[in-house]
Amino acid sequence: MRFSVLATAALCLGAVSLTAQEGPTPEHERLDVWLGEWTYQVGDVGGSMVGELYNNGLLLEVHEQHQPASGGTWYIMHVMGYNADEEAYFWHRYMPDGTVRIAKGWVDGDDWTFLFDERNGVRTRLTQTEEPGAISFTWARSVQGGAWEVTSQGRADRKQ
């Protein structure tokens, strides 16, 4: 029993010291593009977002206020980070109806691509391109592995 308690304590201390030494990698620092205040427009629909770093720069949290065409305001929370084991970014979107949408993403230069696996064989793809002070984006979907169909396009602008 004494050995198992000591072994558990050693493992916990080792995990704490590893966690304390870890810091943001260049992949984590790429998330800085989302920092600050933003406004966006998708057709006639718009909204605003605020991005902040958490957990010593390992996570990005974005709070979004979306004004849908149906009226009212949707409050959406996003948490993004980088998973070194998968060599991919992750994005969790906490929606107002209680659902969580999870994507895996990659970056190539100024272009980001995120893939969301939805229900019933639907996949959603978000492609984003960084521009000076802005990000343009395109949403597309594929049903049962079919061709990608663009569903919306828009632009987000950083507030000055």
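Thoughts on the packing of aromatic side chains
This model, assessed by the stated rule, comprises eight aromatic pairs. Each ring, one from Y82 and one from Y89, has its centre 4.9 Å from the other, and the planes form 65 degrees; the classification is edge-to-face. Given a relative accessible area of 4%, Y89 falls into the buried group. Taking the centre distance of 4.9 Å and the plane angle of 75 degrees together, the rings of W91 and F114 count as edge-to-face. Of this pair, W91 sits in strand β5 (residues 88-94) while F114 sits in strand β7 (residues 111-117); the two residues are 23 residues apart in sequence, bridging distant segments of the chain. For the pair W91 and F114, a shared accessibility class is recorded, and that class is buried.

Description of the nonpolar core
Membership of the largest hydrophobic core comes to 22 residues, with the highest contact counts inside it found for L31, W34, M80, W91, W112 and F114. Leave out the neighbours within four places in its chain, and W112 touches R30, L31, V33, W34, Y89, W106, V107, L126, T127, Q128 and E130.

Let's talk about the pairing of strand β9 (residues 134-143)
Within β9, seven of the ten residues are buried, which leaves it mostly tucked inside the rest of the structure. The pairing of strand β8 (residues 122-131) with β9 spans ten bridges and is classified as antiparallel. In the strand pairing of β9, T127 is matched with T138. Relative to strand β10 (residues 149-158), β9 runs antiparallel, the two being bridged by eight bridges. Among the inter-strand pairings, F137 is bridged to a residue of β10, identified as G154.

Quick word on the pattern of salt bridges
Per the stated rule, a full pass over the model turns up seven salt bridges. Note that K159 and E37 form a salt bridge whose closest N and O atoms lie 3.8 Å from each other. Of the two residues, K159 sits in the segment after β10 while E37 sits in strand β1 (residues 36-42), which places them 122 residues apart along the sequence. For E37, a relative accessible area of 42% translates into the label partly exposed. A salt bridge links R101 to E118, with the shortest nitrogen-to-oxygen separation between them at 3.2 Å.

Considerations on the confidence of the model for the chain
In this model, the chain carries a mean pLDDT of 87, and residues with pLDDT of at least 70 account for 87%. Ranking the helices and strands of the chain by mean pLDDT puts β9 first, with 97, and helix α1 (residues 2-21) last, with 40. In the predicted structure, residues 1-21 sits below a pLDDT of 50 and forms zero contacts with residues beyond four places in sequence or in another chain.

Considering the environment of N55
Take N55: it is sitting in the loop between β2 (45-54) and β3 (59-67). C-alpha of N55 to C-alpha of G23: the two residues are 32 residues apart in sequence and 9.2 Å apart in space.

Conventions and cut-offs
- Residues numbered from 1 in each chain as written.
- Predicted model: local features only at pLDDT ≥ 70, side-chain atom pairs only at ≥ 80, totals over all residues.
- Heavy atoms only, no water.
- Phe/Tyr/Trp six-rings, centres within 6.5 Å; stacked < 30°, edge-to-face > 60°.
- Buried < 20%, exposed > 50% of the residue type's maximum accessible area, 1.4 Å probe, protein only.
- Helix = DSSP H or I, 4+ residues; strand = E, 2+ residues; numbered from the N terminus.
- Core = buried A, V, L, I, M, F, W, Y, C linked by side-chain atoms within 4.5 Å.
- Contact = heavy atoms within 4.5 Å.
- Pairing = 2+ DSSP bridges.
- Salt bridge = Lys/Arg side-chain N within 4 Å of Asp/Glu carboxyl O.
- pLDDT = per-residue confidence, 0-100.

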